[in-house]
Amino acid sequence: QVHLVESGGRSVQAGGSLRLSCSAAGYSYIPHCVAWFRQVPGKEREGVAAIDRGPGTTSYADSLKGRITISQDNAKDPVYLQMMGLKPQDTDMYYCAAGPDSYGACSDRWYDGTEFTGWGPGTQVTVSS
């Protein structure tokens, strides 16, 4: 079982930038496939970005391309989600999720969340106008 913890969420003004991090908790580890999702009560969960740490392949939600970047320094470092040009509609709880732990494990349908079994508690991002 993979245990992940998110950090970096805070209140920012519209147009600002923010970087979230996802780290393994305790004796856990970050798998090859890691993704960021966001959700608030009353709204459907949305896939934000995913990274396959083996080949370094990244995927993004079409609606967010150009404003977000998922990245890592190496296999031992946290996975980051960099967000730019934040908008009030970006206000959400952001979750880091652990998927399959093998090279090229992220599927073409990563955004539906079904292949992710380890979820962090989330970090709140609030964007004011």
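See above for the structure.
Residues numbered from 1 in each chain as written. Predicted model: local features only at pLDDT ≥ 70, side-chain atom pairs only at ≥ 80, totals over all residues. Heavy atoms only, no water.

Quick notes on the overall build of the chain
Looking only at helices and strands, the chain has zero helices and eleven strands in total. Computed over C-alpha atoms, the radius of gyration of the chain comes to 14 Å, within 12% of the 14 Å expected from 2.2 N^0.38 for 129 residues, which places it in the range of a compact globule. Along the first, second and third principal axes, the C-alpha atoms of the chain reach 40 × 30 × 30 Å. Burial statistics for the chain: of 129 residues in total, 40% are counted as buried. Intrachain contacts of the chain at a sequence separation of at least 6 include 60% that bridge at least 24 residues. Accessible surface, the chain: about 6,600 Å² in total, of which carbon and sulfur atoms supply 48%. Each charge class in the chain can be summarised by its mean position, and for the 11 positive and 13 negative side chains these summaries are 6 Å apart. (Helix = DSSP H or I, 4+ residues; strand = E, 2+ residues; numbered from the N terminus. Rg over C-alpha atoms; globule rule 2.2 N^0.38 Å. Buried < 20%, exposed > 50% of the residue type's maximum accessible area, 1.4 Å probe, protein only. Contact = heavy atoms within 4.5 Å. Areas by Shrake-Rupley, 256 points an atom, 1.4 Å probe, with all protein chains shown as cover. Lys, Arg positive; Asp, Glu negative; His and termini not counted. Charge placed at Lys NZ, Arg CZ, Asp CG, Glu CD.)

So, the packing of aromatic side chains
Taken as a whole, this structure holds four aromatic pairs when the rule is applied. Aromatic side chains Phe-37 and Trp-119 sit 4.9 Å apart centroid to centroid with 45 degrees between the ring planes, which places their arrangement in the tilted category. On the criterion of sequence distance, the pair formed by Phe-37 in strand β4 (residues 33-39) and Trp-119 in strand β10 (residues 118-119) is long-range, its members being 82 residues apart. Ring-pair connections join several aromatic residues into one group, and the members of that group are Phe-37, Trp-110, Tyr-111, Phe-116 and Trp-119. When the ring centre of Tyr-80 is taken as origin, the NZ or CZ atom of Arg-19, which lies over that ring, is 4.1 Å away. Between Arg-45 and the ring centre of Phe-37, over which it is positioned, the NZ or CZ distance is 5.5 Å. (Phe/Tyr/Trp six-rings, centres within 6.5 Å; stacked < 30°, edge-to-face > 60°. Lys NZ or Arg CZ within 6 Å of the ring centre and 35° of its normal.)

With respect to the sheet that holds strand β7 (residues 68-72)
Here we have four strands laid out as an open sheet, ordered β1-β3-β8-β7, and antiparallel in their pairing. Strand pairing shows two members of the sheet lacking a second neighbour, β1 (4-7) and β7, which therefore form its edges. On average, adjacent strands in this sheet sit at an angle of 20 degrees to one another, irrespective of strand direction. Here strand β3 (residues 18-24) runs beside strand β8 (residues 79-83); their pairing, made up of five bridges, is antiparallel. Looking across to β8, one finds that Ser-21 is bridged to Tyr-80. (Pairing = 2+ DSSP bridges. Axes fitted to C-alpha atoms, helices over the stretch in contact; angles between N-to-C directions.)

Here we look at the pattern of salt bridges
On inspection of all chains with the given rule, the structure shows seven salt bridges. Between Glu-46 and Arg-38 there is a salt bridge, and its shortest N-O distance comes to 2.8 Å. By relative accessible area, which is 22% here, Glu-46 ends up partly exposed. According to the relative accessible area criterion, Arg-38 is buried, its value standing at 7%. Salt-bridge contacts for Arg-38 lead to Asp-92; the nearest nitrogen and oxygen are separated by 3.6 Å. In this pair, Arg-38 sits in strand β4 while Asp-92 sits in strand β9 (residues 92-98), placing the two residues 54 residues apart along the sequence. By relative accessible area, Asp-92 is classed as buried at 0%. (Salt bridge = Lys/Arg side-chain N within 4 Å of Asp/Glu carboxyl O.)

A few points about the pairing of strand β5 (residues 46-52)
Of all seven residues making up β5, six are buried, and the element is well covered by its neighbours. Of the strand pairs in this sheet, β4 and β5 are connected by six bridges, and their pairing is antiparallel. Among the inter-strand pairings, Phe-37 is bridged to a residue of β5, identified as Gly-47. Linking β4 back to β5 in an antiparallel pair, the connection comprises six residues, with Gly-42 at a positive phi of about 90 degrees. Bridge count for β5 against strand β6 (residues 57-60) is four bridges, and the pairing is antiparallel. Counterpart to Ile-51 in the pairing with β6 is Thr-58. Linking two consecutive strands that pair antiparallel, namely β5 and β6, is a turn of four residues; a positive phi of about 80 degrees is found at Gly-56 within it.

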